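What follows is the residue order along each chain.
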Amino acid sequence: MALRWFCTRSLLHESFDYSMIDRIPGRQTDRKTLLGELNWIFTAVTDTIAWNVLPHDLFRRLFRQDLLVASLFRNFLLAERIMRSANCSPMSYPVLPPTHQHHMWDAWDMAAEICISQLPTLVDDPNAEFQPSPFFTEQLTAFEVWLDHGSERKKPPEQLPIVLQVLLSQLHRFRALVLLGRFLDMGPWAVDLALSVGIFPYVLKLLQTTTPELQQILVFIWTKILALDKSCQVDLVKDGGHTYFIRFLDSIDAYPEQRAMAAFVLAVIVDGHRRGQETCIEAGLIHVCLKHLQCSSPNDAQTEPLFLQWICLCLGKLWEDFSEAQLIGLQADAPAIISPLLLEPQPEVRAAAVFALGTALDVGSDTSRDGQGEEDDDDEKVKAEAGIVKNLLNVVSDGSPLVRAEVAVALSRFAFGHNKHLKSVAAAYWKPQSSSVLTSLPSFAVKGSSSGYTTPTHYMPHGSIVPSPIAPLLRVGHDSQPVSRDGRVSSSSPLATPGIMHGSPLSDDSSQHSDYGALNDCVTNGVLSYSRRKPLDNALYSQCVLAMFNLAKDPSPRVESLGRRVLAIIGIEQVVAKSFKPAGVSIRPGEPSTSASASLAGLARSSSWFELTGGAHLPLAFRTPPVSPPRPSYMTGMRRVCSLEFRPHLMSSPDSGLADPLLASPGPSGVSDRSFLPQSMIYNWSCGHFSKPLLTAMDDTEDVIARREEREKLALDHIVKCQHSSLSKMQNQIASWDTKFETGTKTALLQPFSPVVIASDENERIRVWNYEEATLLNSFNNHDYPDKGVSKLCLVNEFEENLLLVASNDGNIRIWKDYSSKGQQKLVTAFASIQGHRPGVRSVNAVVDWQQQSGYLFSSGEISSIMAWDLDKEQLVSTIPLASDSSISALAVSQVHGGQFAAGFVDGYVRLYDIRTPEMVVSATRPHTQRVERVVGIGFQPGLEPAKIVSASQAGNIQFLDMRCAKDKYLTIDAHRGSLTALAVHRHAPIIASGSAKQLIKVFNLEGDPLGTIRYYPTFMAQKIGSVSCLTFHPYQVLLAAGAADACVSIYADEILPPR
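Description of the structure in this document.

Calculation rules
- Residues numbered from 1 in each chain as written.
- Predicted model: local features only at pLDDT ≥ 70, side-chain atom pairs only at ≥ 80, totals over all residues.
- Heavy atoms only, no water.
- Phe/Tyr/Trp six-rings, centres within 6.5 Å; stacked < 30°, edge-to-face > 60°.
- Helix = DSSP H or I, 4+ residues; strand = E, 2+ residues; numbered from the N terminus.
- Buried < 20%, exposed > 50% of the residue type's maximum accessible area, 1.4 Å probe, protein only.
- Lys NZ or Arg CZ within 6 Å of the ring centre and 35° of its normal.
- Arc of directions from axis to C-beta.
- Pairing = 2+ DSSP bridges.
- Axes fitted to C-alpha atoms, helices over the stretch in contact; angles between N-to-C directions.

Quick look at the packing of aromatic side chains
Right, on to step 1. A complete count under the given rule lists 25 aromatic pairs for this structure.
Right, on to step 2. With a centroid separation of 6.4 Å and an interplanar angle of 65°, the aromatic rings of Phe-73 and Phe-76 are classed as edge-to-face. Here Phe-73 pairs with Phe-76, and both are found in helix α4 (residues 67–85), just three residues apart, close to one helical turn.
Right, on to step 3. Classification of Phe-76 as buried rests on a relative accessible area of 15%.
Right, on to step 4. An aromatic cluster of at least three residues, connected via ring pairs, comprises Phe-59, Phe-63, Phe-73 and Phe-76.
Right, on to step 5. It is Arg-911 that lies over the ring of Phe-905; its NZ or CZ is 4.5 Å from the centre.
Right, on to step 6. Looking at Arg-987, its charged tip hangs above the ring of Tyr-1036, at a distance of 5.6 Å from the centre.

Focus: helix α19 (residues 323–331)
Right, on to step 1. When α19 is considered as a whole, its buried residues turn out to be Ala-325, Gln-326, Gly-329 and Leu-330. For α19, the angular spread of the buried residues around the axis is 140°, confining them to a single face.
Right, on to step 2. Positive phi shows up at Asp-333, right after α19, with a value of about 60°.

Here we look at the sheet that holds strand β13 (residues 856–860)
Strands in a sheet are paired, the pairing made by backbone hydrogen bonds, and the direction either parallel or antiparallel.
Right, on to step 1. The strand order across the open sheet formed by four strands is β12-β13-β14-β15, and the pairing between neighbours is antiparallel. Two strands lie at the open edges of the sheet, namely β12 (847–851) and β15 (875–881), each paired on one side alone. Neighbour to neighbour, the strand axes of the sheet diverge by 20° on average, direction disregarded.
Right, on to step 2. Alignment of strand β14 (residues 865–870) against β15, held across six bridges, turns out to be antiparallel. In the strand pairing of β15, Ala-868 is matched with Ser-878.

Notes on the sheet that holds strand β17 (residues 900–905)
Right, on to step 1. Strand order in the open sheet formed by four strands is β16-β17-β18-β19, with antiparallel pairing between adjacent strands. Every interior strand has two partners, whereas the edge strands, β16 (888–893) and β19 (921–925), have only one. If you compare each strand with its neighbour and ignore which way they point, the axes differ by 15° on average.

Shown next, in the form of structure tokens:
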């Protein structure tokens, strides 16, 4: 009918014999014949018109749910066109909008004319070859043009239903799939559109093809579909689609990124879907995954991190809550194969490995262990679980909150399965006996016990008293692990109970003062005999309890919240949480009050591995002068954690002390239901990677590159000025700021490219001030229990949107972004850079410095080693043992030579280290010999010489050292008599400054000549002015910021040079 009506209106009507229409050769179902081609084009055109005109749900109902209904309405669209031309109005139910003038009818007319023009030849000569219509090729080209210029904000591509029809043709299938993949990659909205057209049955059927060139694009398309709609898993399993992806995963021809997509598809198939788990196990997926993990050695640079990550996540989902699969995994030695991945440089891979190990733990109830026949299996399972837990304890102090959160979730599964044993061990810590050090921990108490210790009255074995109970969330955490020399937890070393607060596992005598024996006695005296589940080694239970305390005191609010939930499972909950904040004041104005237990629903599409690594390691083009070599941007990976929206987290209520009210339920009922187990985030979070564009590299925008280049040029200009500046005096005060800190200014920092100074105090309050406009930009608390004080402020990625690194005195590092916008600050990441400290020492007194070139953060203090952290990997890369018993009191990194840093010691020694050398220590000297005084300040002299150092002691003398020379020092300045409190060395200009407790600052050049003295004068209130507490130079200008104990920060410039 369509052809008859068309012929009467076309240019062919004069020369065309209408009777030929009834003799069109071919079959409607054979698309290689004329009749089949015309029928196919007609279907594509009517589908396209309907999809573009009708609402999508109506289109699905009329054109996709029933073949007969679809055929009926296709014919209705044609009837409307023909009848409207005769001034008739056809009606339908439901009523459809008019379609008779849609421009796709023109495309039909043209295609019909091309086909019919061949009809006389084909009728006369049955052997003549039919030339296919260019209709589909042209429509695919139109779709490709849309892909080049279209976007979510523009009108959807009207050719989408035609692309779907083209999938039926082998001739155009590959091109159509590639274009479809490009379209789906534009975002979830594109996947949604494609599903509304009815793509699903087409790509499901294509999984039955064995054409090798289609495999990669099909895996990509399914990745995109499942990233949006997990419910497709049921149909995939029903049609046996999972075997296609298992074969692809096992093929060696595909790239690792593509096999990672296959692993993702399989992970979605088995996610919470028992039938999917069973069919994939029958198909041998566990062994395929483990085989690929074994093939990829940790040092193999070719191994794609995304592939490792998704193999682990796939395994974790495969045996999650499925004991048969767990057993197969344990028998295949899966924990031993997965555990090396806990040392991988990428936090995502480590977190995925923790997830896989954690889900391999059986959460099953105690009563399920009655069968005698399972005795042998049981022994094996218990041994395997012990191995898994030991591996988890190795990463409980990982530098990435992502990894530690997964450890907390995994330990909660272990706590659920071994609840009674862990409860007994935990209860032993609170057994009221005078010899127990643990009663002096005020912040937690055993659930159901009548006595919750809230006042620290007991003394530690080494004579050190627990800090005051004002903020009872004491850092049980990172001092409690037996830490081996390489910084990982040693599961074999005996548990040192003093380590809970002050005993350092690195000190030799810490293990001898221990309640460990008493603890073991109470655990083994028949207390645990009622449990059917076989107990593991008691030492392991004890280490687990301490690890749980670690996590409950974590500097990251998210991990801290999870750690408390784990403690709640073993019957310990927080009794009271007082903080430093004044009574009745819960939130300061302008500060976020988001709780750490807030919904994490937005994680699925948050950040991605691709985004984190794409361009992350490109060094900045920092060319001349050679004083400042190229500096890569580090912590780009921090975007990963930004997505978690970490905020300074506040308790739900002052009384409960629990982040989650669910945990406040009394007694053992809190652990009777699996729903109390905290949920893992890594899987949903990792899925977000595949929702983002994968085919287009996410490079820095032009604006970002332009700003970076502008800042580099500005820095170079300023460096040249600094190097050639002839300094006279530094007494020109250009700004003064009353920070209103109650305890005085502790540290200060000048921003390199904006007139901003950042300061903090003993209570870890951070304030950001614009000194040109004299306005306060932002003020926030570093965390909620700020009794430690800030040790150091550093900027990470100076040339970009820099991050503020805040190091507390206890060694905890927190990194903030958007910190200069009022109330907008976000905690990017947090970790404890110091684990364990010397026995008998009350506080760690951490000294920390950050080196941009190497991406290393060095930290030490009252401990017997220096810890080097790679912030890009978020991993402890080296633990450098100290040669002497003396601890480090000052630390400075070289801004020129990556990996090199200098340390000043309490006994007056100065040592130069280079992390690139095997022995680490380059040289050592003891310049401060007049009186044995601690080194209070140290810094590298400006310039390229690697070993020239300035060191200042508390006695007041400043020594200029060349660490390469045999003689100790070549210049000494007696700057202050017995009262030196601060030292600053300019990064590029030949100038140093020292501060005194006697309210004065002295400035010198590198020859030791005094350039001036800055005295503090009494203010109009005539109050006593405190000592100089901190000094810092601007990195690229001759500006000096000085903070004092009276909460005043002053900024000084050279009298000759303008401040900016």
